Amino acid sequence: MPRYELALILKTMQRPETAATLRRTVETLMERGAVVRNLENLGEKLLPYKMAKHNQSHTRGTYFLLDFYAAPSILNRLLDHLHRDVDVVRSTVLRKDPEVSNSNCCGPKS
Amino acid sequence: MFQVIGGRSVQAARLVAPRSAVLVEAVRGRKSRTDPVAKSKEGRIKEPPPVDPVEMVVLKERYSEYQMIMRALRVQVEKQEAERKQEDAAAKREREQQEFIREKEREILQLQEDAKTFITMENLDQRIEEALDNPKNYNFAIDKEGRVVKQTILQ
């Protein structure tokens, strides 16, 4: 299964509510058959620009990074679900490619 | 360059010719066949270089034997080289397959080790608490020696 990374920006909330949102997200993932590898918190930061979502304007947000293994077919439905979640400001799924080995096959000709 | 055997007595010349000669018609140079012969060449009778028939026969025999031996040796050596190349290629393929298998096994073991750190339903709450307690910061730069430089503006 390919390895994906979900970059999640959540609304600034109290700790129990953030925990609840995270729990909801991870449970959604696991329901659809994903294997969650790690959850990282990048802190509550000032957003680079004002983001409007679900009739609310956000200036600050909490950034989370969630890497998981999943089948590519679930991604569309998953993103749909995340867009409908009121507490999620932005969600981006990226592919995590394996590191390119440093063999002598490509590179500048010298 | 090559000795040209041609002219009227081609058949006779073929018997006594050395093996390295080329049987080709003589080629006309600058003049065509309708041009008159040059004054200095009037009455010239061209004779081929004298060939000792006994010597020629002996030479032919020796040369043919020599060339046969050389050809046989060459074929043998080339066959050996081809065999060696094939063996090397087979060994290399074998080694690469083994290497690939070993690499995959290593990856599987690594993944099995990593799997112990994955999030499951049981440690979900604990992991969420852990994550909320330890915010990580990837906002740093690295110089050529690998030293980390953290100069972020706190917001």
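Residues numbered from 1 in each chain as written. Chains lettered and ligands numbered in written order. Predicted model: local features only at pLDDT ≥ 70, side-chain atom pairs only at ≥ 80, totals over all residues. Heavy atoms only, no water.

- In the nomenclature of an unreviewed UniProt entry, chain B is known as 28S ribosomal protein S26 of Nibea albiflora.

- Per an unreviewed UniProt entry, chain A is named 28S ribosomal protein S6, and its organism is Nibea albiflora.

**Section: the sheet that holds strand β4 (residues 88-96) of chain A**
Residue and element names in this part refer to chain A.
Part 1: Within the open sheet, the 4 strands sit side by side as β2-β3-β1-β4. Their pairing is antiparallel. What marks the edges here is a single partner per strand, and that holds for β2 (35-53) and β4. Strand-to-strand, the axes of this sheet are offset by a mean angle of 20 degrees, without reference to chain direction.
Part 2: In terms of strand pairing, strand β1 (residues 3-11) meets β4 through 8 bridges, oriented antiparallel. (Pairing = 2+ DSSP bridges. Helix = DSSP H or I, 4+ residues; strand = E, 2+ residues; numbered from the N terminus. Axes fitted to C-alpha atoms, helices over the stretch in contact; angles between N-to-C directions.)

**Let's talk about a positive patch on the surface**
Part 1: Where like charges cluster on the molecular surface, the positive patch consists of R28, R30, K31, R33, K41, R44 and K46 of chain B.
Part 2: Take K46 of chain B: it is sitting in the loop between β2 (22-23) and α2 (53-114). (Patch = residues over 30% accessible without salt bridge, like charges linked within 9 Å, V, L, I, M, F, W, Y side chains within 5 Å. Areas by Shrake-Rupley, 256 points an atom, 1.4 Å probe, with all protein chains shown as cover. Salt bridge = Lys/Arg side-chain N within 4 Å of Asp/Glu carboxyl O. Lys, Arg positive; Asp, Glu negative; His and termini not counted. Charge placed at Lys NZ, Arg CZ, Asp CG, Glu CD.)

**Quick look at the pattern of salt bridges**
Part 1: For the structure on display, the rule yields 21 salt bridges over all chains.
Part 2: The partner of R37 of chain A in a salt bridge is D114 of chain B, and the shortest N-O contact between them spans 3.2 Å. With one member in each of two chains, R37 of chain A in strand β2 and D114 of chain B in helix α2 form a pair that bridges those chains.
Part 3: With a relative accessible area of 15%, R37 of chain A lands in the buried category.
Part 4: Here E113 of chain B ties to K116 of chain B by a salt bridge, and the two come within 3.5 Å at their closest N and O atoms.
Part 5: Using a relative accessible area of 48% as the deciding quantity, one classes E113 of chain B as partly exposed.
Part 6: Take K116 of chain B: its relative accessible area is 64%, and that puts it in the exposed class. (Buried < 20%, exposed > 50% of the residue type's maximum accessible area, 1.4 Å probe, protein only.)

**So, the interface of chain B and chain A**
Part 1: Residue-level contacts link 20 residues of chain B with 23 residues of chain A.
Part 2: When chain B packs against chain A, close to 1,900 Å² is buried across both sides, 58% of that on carbon and sulfur atoms.
Part 3: Across the contact surface, chain B and chain A share 5 salt bridges.
Part 4: Taking the shortest distance from any N to any O, the salt bridge between D133 of chain B and R15 of chain A comes out at 2.8 Å.
Part 5: Where chain B meets chain A, there are 9 residue pairs in polar contact (both at pLDDT 80 or more).
Part 6: For the side of chain B that touches chain A, the elements supplying multiple residues, two or more each, are α2 and α3 (124-133) of chain B.
Part 7: For the side of chain B that touches chain A, the leading source of residues is α3 of chain B, giving 8 residues.
Part 8: A breakdown of the residues in the side of chain B that touches chain A according to their chemical character gives 10 nonpolar, 4 polar and 6 charged. (Contact = heavy atoms within 4.5 Å. Buried area = accessible area lost by both parts, 1.4 Å probe. Polar contact = N/O pair within 3.5 Å; in protein donor to acceptor, adjacent residues only side chain to side chain. Nonpolar A, V, L, I, M, F, W, Y, C, P; charged D, E, K, R; others polar.)

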